[in-house]
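Residue-level structural notes
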Amino acid sequence: ELALKSLGSEGLFLFSSLDTNNDLYLSPEEFKPIAEKLTGVAPISEFEEEETPDPSGETLSIVAKFQPLVMETMTKSKDGFLGISHVALSGLRNWTAPAAPMSVMLARQFKAFLPPKNKLDLGDPWWIIPSELNIFTGYLSNNRFYPPPPKGKEIIIHRLLSMFHPRPFVKTRFAPQGAVACIQAISTFYYTIAFRIHAEFQLNEPPDFPFWFSPGQFTGYIVLSKDSSHVREFKLFVPNNRSLNVDMEWLYGASESSNMEVDIGYLPQMELESTGPSIPSVIHDENGNVIDSRDPSGEPIQFVFEEITWQQEIPWEEAAQKLEVAMYPFKKVSYLPFTQAFERAKAEKKLVHSILLWGALDDHKPLSASLPVPGSGRTLRETVLESSPILALLNESFISSWSLVKELEELQSNRENEFYSKLADLHLEKYNFPVEMIICLPNGTVIHHINANYFLDITSMKPEDVESSIFSFSTNFEDPSTATYLQFLKEGLQRAKPYLQ
């Protein structure tokens, strides 16, 4: 109360965004972001002090490519951003180019991507940055402007993402956090490492309120020598193959409980790519003498690199799938694209288990605070869809799929394929915000469906209070949500029997 009286609500909001341990005192470490902002001078990090460039070490040039969010894809754009202050979106509107279009880094810094000694098999995932959040730990504060100083393997990822924007958070507010990787290819001296990173950016600064920009994922690969002295190739990007790939949230007040506005949108391009292999910063002749990096005519010396012969490799799609399952155990069940799911269901004479949602099911933090019931999509993903009995039944009796409402609306209006249009139509008829779980026949007929909010409501009630016998609780499982979802699937199978015989 005294702090509120001294600082006012907005002042206290800024103070508490810096006071990370909530002791109502700012330590020098907590005050550092403001000091750097006011002085314009950032102290050299411990990592950079330790990593004195090896005179003969190699350097890698990386370029950033960025096309800003297409504002028209935000759902709020349909009413002309009515009621949204210009200030709230200022950080988003002003972010039109990468913070650093080009950067030169030490090849050795990429050793963070090398596998641990117990993860040398193709496609066996490990955590570069482990997730520290789960359904029980909740989520990190929305009321923050400046990222905490990165440590260890976070440093290289923080530095890479800082090429896009000066305030990347390498640890997201919501699970699953972190970065995961696996070996995609092995040669005598090199690895190709595939990786997936969940990170987000804070686009606003005081006195504005926080605006969180959360791409669905960053993915990519690095080809580097086993001793990390040489990087042959590096690429990192936000996938742009779906119609929506960014989640945005912004606060409207000076406290953690303030109203939050949410939206989703499409980012056409956000990528980093090496301009070529890493090259020595100093060149020696055969006698060990340093020689000029330019030839007598002033042209840079051209390096010739040996061709890499891969002895073992797996396709990119397989590596990406392994990373996806590491981040999301519910993906142990294959979720096919919408139309493909119906084709497979017809061929295998199975039902389609379909999840229709406003935001993505397998991107970081989908449907989180954007829902009337906080985290209903996340809860569904991290509990029910990951449980062993559900995974077993889905694999045995269903073909699974998830779709964005926007994608099905596009399919519905596409009259070139009447069957696909009808499938989308039947789904959208049953949809209620935010998530609808649907069971249907291979011809698209919906035989059962339940809304995520209703599902979460009934699973949080006491068994005796649930009227419907359709979603009755089973004594075989302690978790009521697993029991209820299992009942939902079995009821769907029961209703479908006359059609599938």
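Residues numbered from 1 in each chain as written. Predicted model: local features only at pLDDT ≥ 70, side-chain atom pairs only at ≥ 80, totals over all residues. Heavy atoms only, no water.

1. Focus: helix H9 (residues 388–397)
Every buried residue of H9 is listed here: Ile390, Leu391, Leu393, Leu394 and Ser397. Those residues of H9 that are buried lie in contact with strand S18 (335–336), strand S19 (351–357), strand S20 (398–404) and helix H13 (480–500). (Buried < 20%, exposed > 50% of the residue type's maximum accessible area, 1.4 Å probe, protein only. Helix = DSSP H or I, 4+ residues; strand = E, 2+ residues; numbered from the N terminus. Contact = heavy atoms within 4.5 Å.)

2. Considering the packing of aromatic side chains
For the structure on display, the rule yields 21 aromatic pairs. Aromatic pair Phe169 and Trp212: ring centres 4.8 Å apart, planes at 65 degrees, arrangement edge-to-face. Highlighted residues: Phe169 in strand S4 (residues 168–169) and Trp212 in strand S8 (residues 211–215), separated in sequence by 43 residues. There is no split in this pair, since Phe169 and Trp212 are both buried. Relative to Phe330, the ring of Tyr328 has its centre 5.8 Å away and its plane inclined at 65 degrees; by these criteria the two rings are edge-to-face. Judged by its relative accessible area of 1%, Tyr328 falls in the buried class. (Phe/Tyr/Trp six-rings, centres within 6.5 Å; stacked < 30°, edge-to-face > 60°.)

3. A look at the sheet that holds strand S21 (residues 435–440)
Reading across the sheet, the five strands line up as S18-S20-S19-S21-S22 and stay open at both edges, with mixed pairing between neighbours. With one partner strand each, in any of the chains shown, S18 and strand S22 (446–451) form the two edges of the open sheet. Looking at chain direction, S18 and S20 are connected through two bridges and run parallel. Residue pairing in the sheet places Leu336 in a bridge with Ser401 of S20. Where helix H7 (residues 338–348) meets the sheet, it contacts S18, S19, S20 and S21, and its direction lies at approximately 165 degrees from that of S20. (Pairing = 2+ DSSP bridges. Axes fitted to C-alpha atoms, helices over the stretch in contact; angles between N-to-C directions.)

4. What to know about the packing of H7 against helix H11 (residues 418–430)
The axes of two packed helices give the description: the angle between them and the distance between them. Look at H7 against H11: their axes get within 11 Å of each other, and the N-to-C directions meet at 100 degrees. One finds that H7 runs roughly perpendicular with respect to H11. When H7 is examined against H11, the residues Phe338, Thr339, Phe342 and Glu343 are found in contact with a partner set consisting of Tyr420, Leu423, Ala424 and His427. In terms of residue class, the contact of H7 with H11 is built from five nonpolar, two polar and one charged. (Parallel < 35°, antiparallel > 145°, perpendicular 65-115°, else oblique. Nonpolar A, V, L, I, M, F, W, Y, C, P; charged D, E, K, R; others polar.)

5. Let's talk about the environment of Trp402
With respect to the helices and strands, Trp402 occurs in strand S20. With a relative accessible area of 4%, Trp402 lands in the buried category. C-alpha separation for the pair Trp402 and Met437, spaced 35 residues apart in sequence, amounts to 9.1 Å.

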